Amino acid sequence: MVRKRTLLFCYYDLNLGDDLFIRLTMDYLGKSNVDLLVPDGTDEFYYQNYSVKTYSKLARRIDRISYKLIGECPCLSKIASKYDQVAVVGGSMFIQKEGWEASLRMYQMLERAATNFFVIGSNFGPYKDNRFLDSYRNLFEKAKFVTFRDTFSKQIVGGLNSQVYPDMIFNQKSSMKSENTGKKVLGVSVIDLEGRNYSTLVKQQYLKSIVEICKLFQSKGYEIRLFAFCENQGDLKACTVIKEQINNAIICKYDGAIDKFLGLFEECSYIVASRFHAMILGWNFGIPTLPIIYSDKALNVINDLNQEIKFWKIENITSDINKNDFSVLNDLIEIKKLAKGHLKVLKCDETIEE
């Protein structure tokens, strides 16, 4: 008897949240039982840290043509045929943006090639038209099972082969090796609003308010840590702009060293969370957290939790802040227990005959 072999397709951009999805799934299934399907040209980090099956540019081109002509993807099928199940694992994997048809085609080819196809841990959208929605409804209906991280996504997509669980990152264990030293630390995760659909005024007010919040806490004796969850998406750039206006602020950049980054994060006394997974991790570690909402995905999760949670929409951010604006979660143990549902779907404990 041998363990099931699993092929994962994830989001590869040195983004802490997405990299935690990968590691949690690997840990749960057993790293030796899982390979990542990685397009060539992906950051070397993934090749160095995981068992990787490369999906080359040439192979992708052959499969695209073949899929259009005969509905088959021979190169991907050859890879996937070696596995018992294929899973798309990630958070915001299904967003309608320019070129979305190419992403859909990739998922369709994976589903076509897989013996068992799963979608794990995602939210759906935002989307703009019914063609996008109907295309993904059709994809999800063919999956063996789909797990979402918010009720709103399941309601939109529908389907009997799906379930909602709290975000998978609630499975992340504490990295603290000793009791908190009592050091006063404000952690702030920031995002770069350039390229996002906000007015110049909102972008300026966001940076101004973050700086003023940091200075307020600094005046009360707090160390300031600015967390860049994804350099490639502009977090480090935004951190640098803010740091230039705050004496002795420390930038904590995620560079693939997950435990080091989480250790610095978990030492914080309070978290101002612009990043979605800064919000989740803050609550997961029991840190009073104030979400700054830039996307409905965070609001949908907050609605599902059905608790007294204060948050600011990014359009209404202010520096008028006090400790009562920060929240911790009730029933955290139960939330963590439910979050395990995403990975249990993959049935890692089942074995197959050799």
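Numbering of residues starts from 1 in every chain and runs along the sequence as written. Owing to the predicted nature of the model, reporting of local features is limited to residues with pLDDT of at least 70; listing and counting of side-chain atom pairs is limited to 80 or more, with chain, interface and lining totals taken over all residues. By convention in this description, side-chain values take in all heavy atoms of the structure and omit both hydrogens and water.

(A) Geometry of the pattern of salt bridges. Here a salt bridge means any side-chain nitrogen of Lys or Arg lying within 4 Å of a carboxyl oxygen belonging to Asp or Glu. For the structure on display, the rule yields 15 salt bridges. Lys208 is the partner of Glu212 in a salt bridge, and the nearest nitrogen-oxygen pair spans 2.8 Å. With Glu212 and Lys208 both in helix α8 (residues 200–219) and four residues apart, the pair spans about one turn of that helix. The buried label goes to any residue with under 20% of its type's maximum accessible area, the exposed label to any with over 50%, and the partly exposed label to all in between, with areas taken from a 1.4 Å probe on protein chains only. Residue classification places Glu212 among the partly exposed positions, given a relative accessible area of 29%. Relative accessible area serves as the criterion here: at 44%, Lys208 is assigned to the partly exposed category. Residues participating in the shared-partner salt-bridge network are Lys183, Glu223, Arg225 and Glu267. Under the DSSP-based scheme used, a helix requires at least four consecutive residues in state H or I and a strand at least two consecutive residues in state E, with every element numbered from the N terminus.

(B) Here's a closer look at the pairing of strand β2 (residues 6–9). What you see with β2 is no split at all: Thr6 and Leu8 on one side and Leu7 and Phe9 on the other are buried throughout. Strands are treated as partners if at least two bridges between them are detected by DSSP. Here β2 runs beside strand β3 (residues 34–39); their pairing, made up of three bridges, is parallel. What sits directly across from Leu8, in β3, is Leu36. At this point the chain moves from β2, through helix α1 (residues 16–29), to the parallel β3, and the crossover so formed is right-handed. As paired strands, β2 and strand β5 (residues 85–89) are joined by four bridges and run parallel to one another. Its bridge partner being in β5, Leu8 is matched across the sheet by Ala87. Looking down the strands as they point away from you, a crossover is right-handed if its path from the first strand over the helix to the second goes clockwise.

(C) Main features of the packing of aromatic side chains. For Phe, Tyr and Trp, where Trp contributes only its six-membered ring, two rings pair if their centres lie within 6.5 Å, and the inter-plane angle classes them as stacked under 30 degrees, edge-to-face over 60, or tilted in between. In total, this model carries 28 aromatic pairs according to the counting rule given. Between Phe94 and Phe140 the ring centres are 5.1 Å apart and the planes differ by 80°, which places this aromatic pair in the edge-to-face class. Residue Phe94 is located in the loop between β5 and α5 (100–113), and its partner Phe140 is located in helix α6 (residues 130–142); the two are separated by 46 residues in the primary sequence. The pair formed by Phe94 and Phe140 is uniform in burial state, with each residue classed as buried.

(D) Seen up close, the sheet that holds strand β14 (residues 312–313). The strand order across the open sheet built from six strands is β11-β10-β9-β12-β13-β14, with neighbouring strands paired in parallel fashion. Looking at the sheet topology across the chains shown, the edges are occupied by β11 (250–253) and β14. Pairing geometry for strand β10 (residues 223–228) and β11, over four bridges, is parallel. Across the sheet, Arg225 pairs through a bridge with Ile250, a residue of β11. When checking whether two residues touch, look at their non-hydrogen atoms; a contact exists if any pair is within 4.5 Å. Lines fitted to C-alpha atoms define the axes, with helix axes restricted to the stretch in contact, and inter-axis angles between N-to-C directions lie between 0 and 180 degrees. This element, α8, spans β9 (185–189), β10, β12 (270–273), β13 (289–293) and β14 of the sheet and lies at about 170° to β9. Across the face of the sheet, helix α9 (residues 235–243) comes into contact with β10 and β11 while running at roughly 155° to β10.

(E) Layout of the sheet that holds strand β7 (residues 145–148). Spatially, the seven strands line up as an open sheet ordered β4-β3-β2-β5-β6-β7-β8, and their pairing is parallel. Strand pairing shows two members of the sheet lacking a second neighbour, β4 (52–55) and β8 (162–164), which therefore form its edges. Strand after strand, the sheet turns through a mean of 20° between neighbouring axes, direction not considered. The pairing of β5 with strand β6 (residues 117–122) spans four bridges and is classified as parallel. Bridged to Val89 within β6 is Ile120.

(F) View of the packing of α1 against helix α10 (residues 258–266). Between α1 and α10, whose axes approach to 11 Å, the crossing angle comes to 120°. On the basis of their axis angle, the class for α1 and α10 is oblique. As α1 packs across α10, the resulting crossing turns out to be left-handed. Across from Leu16, Asp19, Leu20 and Arg23 in α1, the residues of α10 making contact are Ile258, Asp259, Phe261 and Leu262. In this count, Pro and Cys sit with the nonpolar residues alongside Ala, Val, Leu, Ile, Met, Phe, Trp and Tyr, while Asp, Glu, Lys and Arg are called charged and the others, Gly among them, polar. Among the residues forming the contact of α1 with α10, the class breakdown is five nonpolar, no polar and three charged. The cut-offs work like this: below 35 degrees is roughly parallel, past 145 is roughly antiparallel, 65 to 115 is roughly perpendicular, and the gaps in between are oblique. The sense of a crossing depends on the near helix, which, turned anticlockwise from the far helix by less than a right angle, makes the crossing left-handed and, turned clockwise, makes it right-handed.

(G) Molecular detail of α1. Expected span, for any helix, means 1.5 Å times one less than how many residues it has. With 14 residues, α1 extends 20 Å between its outermost C-alpha atoms, agreeing within 8% with the 20 Å of an ideal straight helix rising 1.5 Å per residue. Burial runs high along α1: twelve of the 14 residues are buried. Every buried residue of α1 is accounted for by Leu16, Gly17, Asp18, Asp19, Leu20, Phe21, Ile22, Arg23, Leu24, Thr25, Met26 and Leu29. Residue Asn15 occupies the N-cap position of α1, its side-chain oxygen lying 3.0 Å from the main-chain nitrogen of Gly17. One or two residues past the end of α1 sits Gly30, with phi positive at roughly 95°. As used in this structure description, the phrase polar contact means that two N or O atoms lie within 3.5 Å; if the pair is within protein, one of them must be able to donate a hydrogen and the other to accept it, and residues adjacent in sequence are counted only when both atoms belong to side chains.

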